[in-house]
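Commentary on secondary and tertiary structure
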Amino acid sequence: MKLTKVLISGFRSIKKAEPLLVDDKVTILIGANDHGKTNILDAIEYLNDNKSFVEDDTNWDLDPDSEVSIEWYFTPSTDDLEKLSMLELTTEGTSEEARPPVFETNKDNQIVYYRKLGENKVRVKNIPTAVPVAKEAEVLLLRPRIELFAPPTANLKDQVNLSQLDSPDFEFMQGIFRLAGIWDYKKEIFIQNDKTSKLLDEASNQLTEILNTKWNQGRDLKWKLEHTGTNGDHIVIKIQDPAIGTRYTRPSLRSSGFRTYFLLSMITYARTENKVADSYVYLFDEPGTYLHPHAQLDLQRSFESISTKTQIVYTTHSLFLINKNYPGRNRVISKTTDGTKIDQKPFVKNWKSVRESLGILLSNNFLIAEKTLLVEGPSDIIYILYSIKKLKKLGSTDIDLNDLSVVDAGTSANYLAMAKLMVS
């Protein structure tokens, strides 16, 4: 089941009914601090039963007669529709007077849930088929779980034994085991012998190859999984860093930015692999905190991979977590006299709302970009960027516009000078 829209009314900084259109894969909420990005994440999370609507959630300027509510719109999968069909009302042999009440149906093929202040539980608003109201609990079971990730603050645990591996405290190592291809061998690999030692060597090579491809800043590192403890009953992950000649290092000993990136990446990967597809929607509040710009771009790519199975919504006020590959995924959140507002199409008018919200100039800046294409004139920039976007839409190229700049040299006389400046 895919979340397509959230309609928020009277909730915290959102005064009037404000829709958030949700992308099939990744939705990015861009805006300055205290403009309502986190409130929108919280509103999405209120789909979970363990979240409680309280009076403090009401917008301070809301008229007393106005409603505080949240609605979630989902497009059901084929499997969801089959489950709904099994709940449909059977009318054969039943008089119209004796038929039980059914949910309102819609023609949009959507399942709509809602919650109001005062009722304090999620209800079913309408669905595609005629299902008895008495079956509401079964329809509610189709909801995905909403999972909110705060920036990781826990210590990174890079050594584990079999009894610890399935614990939520060791999700980082779960992600490592899955990425390295040894998750299916977890019951046998915690005893050191010739076979399991070879398995760890192969897993180390696989892990190194994958991480060197996914992580720009770590492309020179080599990763090693190794038995330790009594008869190899623990497995530890070590790093061979070319900048350190006398010893291995470990993830837990690295910088906060390093740990943040890997905790986020491995934990989300582990949860995605551990859960049924579409059973979760992941929310991230400022995931770029503590991350170097290159690591933020790497995190975007990691999210892209995860989003093939699980929808992601994240907030940011960083230039490097805005996705220029898919402009339609970006939303700008701004504070107005009427409360928080959502710009669903910030890419129009030269990203004006993004520039105003973040106070930056979103440009093709070769000082920022990893790769730069130097062209002869300003029209070339237009043609080339449009062509790349068109090819990306057709699936014919995998060029990443987030770390590419296309720069106009101005004139032929300036071309060589501009090239030398870029190289230097």
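Residues numbered from 1 in each chain as written. Predicted model: local features only at pLDDT ≥ 70, side-chain atom pairs only at ≥ 80, totals over all residues. Heavy atoms only, no water.

Tallying each qualifying case throughout the model produces 25 salt bridges. Measuring nitrogen to oxygen at the nearest pair gives 2.7 Å for the salt bridge that ties D158 to R250. Taken as a pair, D158 in the loop between β8 (145–149) and β9 (159–161) and R250 in the loop between β11 (234–240) and α7 (256–274) lie far apart in primary sequence, 92 residues in all. The salt bridge partner of K195 is E188, with a shortest N-O separation of 3.7 Å. Several salt bridges share partner residues, and in doing so they unite R12, D42 and D57 into one network. (Salt bridge = Lys/Arg side-chain N within 4 Å of Asp/Glu carboxyl O. Helix = DSSP H or I, 4+ residues; strand = E, 2+ residues; numbered from the N terminus.)

What follows concerns the confidence of the model for the protein. Taken as a whole, the protein shows an average pLDDT of 88; of its residues, 93% reach a score of 70 or greater. Confidence, read as mean pLDDT per element, is least for helix α9 (residues 348–358) in the protein (77) and greatest for strand β2 (residues 18–21) (98). (pLDDT = per-residue confidence, 0-100.)

Another aspect to go through is helix α8 (residues 293–306). An ideal rise of 1.5 Å per residue puts 20 Å on 14 residues; α8 measures up with 20 Å between its terminal C-alpha atoms. Those residues of α8 that fall on the buried side of the exposure criterion are A295, Q296, L297, D298, L299, Q300, S302, F303 and I306. (Expected span 1.5 Å × (residues − 1). Buried < 20%, exposed > 50% of the residue type's maximum accessible area, 1.4 Å probe, protein only.)

Bringing the nonpolar core into the picture now. Membership of the largest hydrophobic core comes to 53 residues, with the highest contact counts inside it found for F172, F177, W223, L225 and F262. Sorting elements by how many residues they give to this core places α7 first, with seven residues. With sequence-adjacent residues up to four places away left out, F177 is seen in contact with V160, L165, I182, W183, I189, F190 and I235. Grouped together as the second largest cluster of nonpolar side chains are 39 residues, V6, F11, L87 and V139 included. (Core = buried A, V, L, I, M, F, W, Y, C linked by side-chain atoms within 4.5 Å. Contact = heavy atoms within 4.5 Å.)

As a further point, take the packing of aromatic side chains. Inspection of the entire model under this criterion finds 18 aromatic pairs. Considering the side-chain rings of W223 and F262, the 5.1 Å spacing of their centres and the 55° angle between planes classify their relative orientation as tilted. With W223 in strand β10 (residues 222–228) and F262 in helix α7, this residue pair connects regions lying 39 residues apart in the sequence. For the ring pair Y282 and F284, a centre distance of 6.4 Å and an interplane angle of 85° mean the geometry is edge-to-face. (Phe/Tyr/Trp six-rings, centres within 6.5 Å; stacked < 30°, edge-to-face > 60°.)

The strand order across the open sheet built from six strands is β8-β12-β13-β3-β14-β15, with neighbouring strands paired in mixed fashion. Each edge of the open sheet is held by one strand with a lone partner, namely β8 and β15 (339–343). This sheet shows a mean twist of 20° between the axes of neighbouring strands, independent of strand direction. Of the strand pairs in this sheet, strand β12 (residues 280–284) and strand β13 (residues 311–316) are connected by four bridges, and their pairing is parallel. When the sheet's bridge partners are listed, F284 is paired in β13 with Y314. On the sheet, α7 packs against β8 and β12 and is oriented at approximately 165° with respect to β12. (Pairing = 2+ DSSP bridges. Axes fitted to C-alpha atoms, helices over the stretch in contact; angles between N-to-C directions.)

With that settled, the discussion passes to the pairing of strand β4 (residues 69–75). Among the seven residues that make up β4, six are buried, leaving the element largely enclosed by the rest of the structure. Taken together, the seven bridges between strand β1 (residues 2–9) and β4 define a ladder with antiparallel strand orientation. Residue pairing in the sheet places L7 in a bridge with E71 of β4. Sheet topology places β4 next to strand β6 (residues 111–116); six bridges connect them, and they run antiparallel.

Tracing the backbone shows E88 in the loop between α2 (78–87) and β5 (104–105). Distance from E88 to R219, taken between C-alpha atoms, is 55 Å for residues 131 residues apart in sequence. Apart from the residues within four sequence positions on either side, E88 is in contact with T129, A130, V131 and P132.

This part covers the packing of helix α5 (residues 171–180) against α7. Each pair of packed helices can be described by the angle between their axes along with the distance between the axes. One way to put it is that α5 packs onto α7 with a least axis distance of 7 Å and a crossing angle of 70°. In terms of axis orientation, α5 runs roughly perpendicular to α7. Along its contact with α5, which presents E171, F172, Q174, G175, I176, R178 and L179, the element α7 presents F262, L263, M266, I267, Y269, A270, R271, E273 and N274. Residue composition of the contact of α5 with α7, by class: nine nonpolar, three polar and four charged. (Parallel < 35°, antiparallel > 145°, perpendicular 65-115°, else oblique. Nonpolar A, V, L, I, M, F, W, Y, C, P; charged D, E, K, R; others polar.)

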